[in-house]
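Single-letter residue listing:
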Amino acid sequence: MTQRVWNFSAGPGVLPLPVLEEAQRDLLCLPGVGASVLEISHRSKHFDAIIQEAEANLRQLLNIPEHYHVLFLQGGASLQFAMVAMNLLGDGSADYLITGSWGEKALKEAQLIGKARAIWNGKPENFVRTPRPDEYTIDPNARYAHFTSNETIQGVAFPTEPPVGDVPLVCDMSSDFLSRPVDITRYALIYAGAQKNAGPAGVTMVIIRDDLVQRAPETLPAMLNYRIQAENKSLYNTPPVFAIYIVMLVTRWLLHTIGGLEQMARINREKASLLYQVIDESGGFYRGHAHPEHRSVMNVTFRLPNEALEKQFLQEAQAHGLHELKGHRSVGGCRASIYNAMPIEGVQALCDFMRDFARRNG
Ligand SMILES: *Cc1c(COP(=O)(O)O)cnc(C)c1O
């Protein structure tokens, strides 16, 4: 196969074609450098320009204030599950809102470090929604409150930040980072693995308010310590240079080709509403997993009338060039991940196929 398909992979996910083309073009030799980004010192002025532009682009896209650090770390969002707790928990406790599989994992890791509890858990309802503010009680002394803005596996998203009073708000934003504007000042810390919506696997972005950086205990190993990472501007050791380079290109694409996150959010909402419309107008042939007000704009999860039809759907979709639509093994069904880089034409092709499939099999 030499032609690109419509790729609905949940992660690593689709990247913008112009970004891949530029990376390919410059892979042997960065203009003006004479070597590839893979082969130059991370302390060279050439790489410095790359990491500085990546940070500047993120600051511009998300309007990140000066008193927040932007870190480029390794270990994925999964390491942040532990690192957040290691740096912020101390001898206090933290409150978690659990709306899907990733939140469950985040809590489990924090509990290995110290005291953390679920103040709301959607598991008994099979993770179909996020909580109303009157359904949970925050401990006003909690060191932080944690939520997952978009649960990638269940396709459940918070319509807005959950109110947590004055408790520092921490968010795993891995799968909807850069999909929409965010008011950074409402957060103490945001983390996101790049490979869903911002770049390749290997780099995790952490946006952290300065007062939280100062909480890191002296006893933490350097690589796990936000303060040391911040003081060294993410260059304590060799950072994932290629992944950071691609994040730089993706954020440049968001700024200059898309025109910013308002514009990106408008396109994303349009793509998602096309798909949910097909689901809602299918007379029950397709059933969306999440409650309508809690639906993800990034990961559209749905079922068909039975597993045999789901299998047939996935096979026929693949033959139509619509790939990676199988739901996560833990929930089954189907999932279309329609990250920033999925063009509207890909979503339209999927909608056409879904209508036709329902007509033939409904
Ligand atoms: C994919 C994902 C993770 C795990 O990311 P890794 O980089 O593989 O550790 C965590 N949280 C969310 C919301 C995700 O989508």
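Given the structure is predicted, the values throughout are model-derived calculations rather than measurements. (Residues numbered from 1 in each chain as written. Predicted model: local features only at pLDDT ≥ 70, side-chain atom pairs only at ≥ 80, totals over all residues. Heavy atoms only, no water.)

Draft legend 1. Layout of unusual backbone geometry. In this structure, Pro12 follows Gly11 across a cis peptide bond, with omega equal to -15°. In this fold, Pro12 is placed in the loop between strand S1 (6–7) and helix H1 (17–25). A positive phi angle, near 65°, is found at Glu324, a position not held by glycine. (Helix = DSSP H or I, 4+ residues; strand = E, 2+ residues; numbered from the N terminus.)

Draft legend 2. Layout of the side chain of Asn87. Mapping Asn87 onto the fold places it in helix H3 (residues 76–88). Only 2.9 Å separates the side chain of Asn87 from the backbone oxygen of Met83, close enough to count as a polar contact. Within the structure, Asn87 has its side chain in polar contact with the backbone oxygen of Leu224 (distance 2.8 Å). Setting aside chain neighbours within four positions, we find Asn87 in contact with Arg215, Ala216, Pro217, Leu220, Leu224, Asn225 and Tyr226. (Polar contact = N/O pair within 3.5 Å; in protein donor to acceptor, adjacent residues only side chain to side chain. Contact = heavy atoms within 4.5 Å.)

Draft legend 3. Spotlight on the environment of Lys108. Following the sequence through the fold, Lys108 ends up in helix H4 (residues 101–113). Spatially, the C-alpha atoms of Lys108 and Ala118 are 9.9 Å apart, while their sequence positions differ by 10 residues.

Draft legend 4. Quick peek at the site of the ligand. Contacts to the ligand come from 13 residues, most closely from Ser78, Thr152, Asp172, Gln195 and Lys196. Between Ala77 and the ligand, the recorded distance is 3.2 Å, taken from a backbone N or O atom to an oxygen atom. Relative to its unbound accessible area of 390 Å², the ligand is 87% covered by the protein chains. Here the element with the most residues in the shell around the ligand is H3; it accounts for 4 residues. Its residues assigned to classes, the shell around the ligand shows 3 nonpolar, 8 polar and 2 charged. (Near = heavy atom within 4 Å. Areas by Shrake-Rupley, 256 points an atom, 1.4 Å probe, with all protein chains shown as cover. Nonpolar A, V, L, I, M, F, W, Y, C, P; charged D, E, K, R; others polar.)

Draft legend 5. Layout of the sheet that holds strand S11 (residues 287–288). Read from one edge of the open sheet, 3 strands run S11-S12-S14, paired in antiparallel fashion. In this open sheet, the two edge strands, each paired with only one partner strand, are S11 and strand S14 (334–337). Bridging between S11 and strand S12 (residues 299–303) involves 2 bridges; their strand directions are antiparallel. Opposite Gly288, over in S12, you have Phe302 as the bridge partner. (Pairing = 2+ DSSP bridges.)

Draft legend 6. Inspection of the sheet that holds strand S9 (residues 189–193) at higher detail. Across the sheet, 7 strands lie side by side as S2-S10-S9-S8-S5-S3-S4; this open sheet has mixed pairing. Bordering the open sheet on either side are strand S2 (68–73) and strand S4 (115–121), each of which pairs with just one other strand. On average, adjacent strands in this sheet sit at an angle of 20° to one another, irrespective of strand direction. Taken together, the 6 bridges between strand S3 (residues 93–98) and S4 define a ladder with parallel strand orientation. Bridge pairing in S4 places Leu97 opposite Trp120. (Axes fitted to C-alpha atoms, helices over the stretch in contact; angles between N-to-C directions.)

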